[in-house]
Amino acid sequence: MNIEDTVEKMLAAAEQAAGVHWQDMKGYLANEFARAKEEAAAIALEVAQGTKTPAQAKIEIEAIEASLRDIKLALSVEAKAAAQDAINAALDVLRAAINDAAKVPIF
Amino acid sequence: MNEPAPGTGIAAAHFGLVRVSEPGQDRRSATFPVKAINLGSRPIAAWRSVLPLLLPFILCGCSVLFVSPYDELTDRSANELIARTETFLGRYAARTDETGKIVTSGKPYDSEAAAFYNEARGAVAAMLLRSEQKAKNEEEIEILKDLSGQYDRLEASHRLGTITKNSAAGLHRTLRALAHVQLTKKHIGTAKAATATSH
C-alpha cells in the first residue's frame, strides 16, 4: 500500500466532499447580509412615510437581529456537515486502499 | 498547494469525477479552499498526523456523525409552514413602493389572523418536539425556538398597526435558515454519491 498516494487521494476526496458545502455557505451568507441591510432601510422608510409606527419598527428590527443569529446557526450546521463529509470521504478512500492492499475485502 | 480546476485534478483522475450540471450551480465540481481549513503548506503531513485518530472509525467500518441525519417529515412540515405563512402574508400584509408608501392596503389584526399565529406556533412546537428527540441537532432546535419568537414578534407588530412584507423580514430569514438546515442535511454525502455513481 502506497501511503503517500493514499493520503493524496484522501485529501482530494475530502476537498471534493467539503467543496459542496463551501459553495452553499458563501452564497447564503452574502445573500442574507445584503437582504438584511435592505430590509432595515425599507422599514425606516415605512416609518418615515407613516406606514407603520416606530414601535412596530422596533419590534421588526429586533426580529431581523434575531434572524441573523439563525444564519449563524444554519452556517454552523453547514460547517459541521462539510467536516463530516470530508472525513467520511477520506475514510472511504482509506478503507478502499486497505482492501486493495489486502487483496480481500476487509471493510 | 495548487488547487485543481473543477472536475479535474487528483479527484477527477482517480475517481472518474465528471462535472454535473445543475440549474444555476455546479455543486459537485466545486473545490474547497484547503488553506481555509488551515492544513497549511503540508497537507499530507497534516493528514498523516490525523490518520491515527481515524483508526477506530476505519477498524469499525463506520462513519463520523456531526449532524443529525435528514428527516423528511421535518422538511415537509417546514415547507408547509412556509407556504401557509406566505398565503397569510399575501392576504394581510400591505404592499409598499420603494419610498415606503402603501400602494395596496393589507388587513388589520383580527380573529382569523390570531388563529393563524396560534396555528403557526403550534406547527413549530410539533417540529420542535420531533427535533428534540434527535442527537446532534442543537442548531435546528435553537432555530425552531427562535421561529416561534418570530411569529410572536410579527403578531405584536400586527396588533399595533398595518404589517407590510418588510414586517416579516426577520420571520422570513429564520424560515430560510430552517430550510437551509434541511437542505444541508439532504446534501450530506452528495459528493460521495456523485463519486460512487461515476464509477
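One can find the structure itself at the top, above this paragraph.
Just so you know, these numbers come straight off a predicted model, no measurement behind them.

Right, let's get into the nonpolar core. One finds Leu81, Phe88, Tyr117, Leu147, Tyr151 and Ile163 of chain B to be the most contacted residues of the largest nonpolar core, which totals 40 residues. Ignoring any residue separated from it by four or fewer positions in sequence, one finds Tyr117 of chain B in contact with Phe88, Tyr109, Tyr151, Leu154, Glu155, His158 and Ile163 of chain B. Judged by nonpolar contacts, the second largest core, of 7 residues, contains Ala13, Ala89, Ala90 and Leu94 of chain A.

Glancing now at helix 2 (residues 54–102) of chain A. Along an α-helix, residues three or four positions apart point the same way, because every turn accommodates 3.6 residues. For helix 2 of chain A, spanning 49 residues, the distance from its first C-alpha to its last is 72 Å, which sits close to the expected 72 Å at 1.5 Å a residue. Where helix 2 of chain A terminates, the next one or two residues include Lys103 of chain A, which has phi positive at roughly 65°.

Tallied over the entire structure, the rule returns 21 salt bridges over all chains. Across the pair Glu142 of chain B and Arg69 of chain A runs a salt bridge, and its minimum N-O distance is 3.1 Å. Residue Glu142 of chain B is located in helix 5 (residues 138–160), and its partner Arg69 of chain A is located in helix 2; the two belong to separate chains. Across the pair Glu139 of chain B and Lys80 of chain A runs a salt bridge whose closest N-O atoms are separated by 2.8 Å. Remark: Lys80 of chain A occurs in helix 2 and Glu139 of chain B occurs in helix 5; the pair is interchain, linking two chains. Taking relative accessible area as the criterion, Glu139 of chain B reaches 9% and is therefore assigned buried. By relative accessible area, Lys80 of chain A is classed as partly exposed at 28%. Each of Glu32 and Glu39 of chain A together with Arg173 and Arg176 of chain B takes part in a single network of salt bridges with overlapping partners.

All names here are of chain B. Taken as a whole and judged by the stated rule, the model has 6 aromatic pairs over all chains. Centroid distance Phe116 to Tyr151: 6.1 Å. Interplanar angle 70°. Geometry classified as edge-to-face. In this pair, Phe116 sits in helix 4 (residues 111–131) while Tyr151 sits in helix 5, placing the two residues 35 residues apart along the sequence. With respect to burial, Phe116 and Tyr151 carry one shared label: buried. Site record: aromatic cluster; members linked through ring pairs are Phe88, Tyr92, Tyr109, Phe116, Tyr117 and Tyr151.

With a phi angle near 55°, Lys136 of chain B is a residue other than glycine that sits in the positive phi range. Counting through the fold element by element, Lys136 of chain B comes out in the loop between helix 4 and helix 5.

A few words now on the packing of helix 1 (residues 3–48) of chain A against helix 6 (residues 169–187) of chain B. It is at 12 Å that the axes of helix 1 of chain A and helix 6 of chain B come closest, and there the two elements cross at 175°. When the axes of helix 1 of chain A and helix 6 of chain B are compared, the pair comes out roughly antiparallel. Touching His21, Asp24, Tyr28, Glu32, Arg35, Ala36 and Glu39 of chain A of helix 1 of chain A are Ala169, Arg173, Arg176, Ala177, His180, Thr184 and His187 of chain B, all from helix 6 of chain B. Partitioned by chemical class, the residues of the contact of helix 1 of chain A with helix 6 of chain B number 4 nonpolar, 4 polar and 6 charged.

Cut-offs applied
Residues numbered from 1 in each chain as written. Chains lettered and ligands numbered in written order. Predicted model: local features only at pLDDT ≥ 70, side-chain atom pairs only at ≥ 80, totals over all residues. Heavy atoms only, no water. Core = buried A, V, L, I, M, F, W, Y, C linked by side-chain atoms within 4.5 Å. Buried < 20%, exposed > 50% of the residue type's maximum accessible area, 1.4 Å probe, protein only. Contact = heavy atoms within 4.5 Å. Helix = DSSP H or I, 4+ residues; strand = E, 2+ residues; numbered from the N terminus. Expected span 1.5 Å × (residues − 1). Salt bridge = Lys/Arg side-chain N within 4 Å of Asp/Glu carboxyl O. Phe/Tyr/Trp six-rings, centres within 6.5 Å; stacked < 30°, edge-to-face > 60°. Axes fitted to C-alpha atoms, helices over the stretch in contact; angles between N-to-C directions. Parallel < 35°, antiparallel > 145°, perpendicular 65-115°, else oblique. Nonpolar A, V, L, I, M, F, W, Y, C, P; charged D, E, K, R; others polar.

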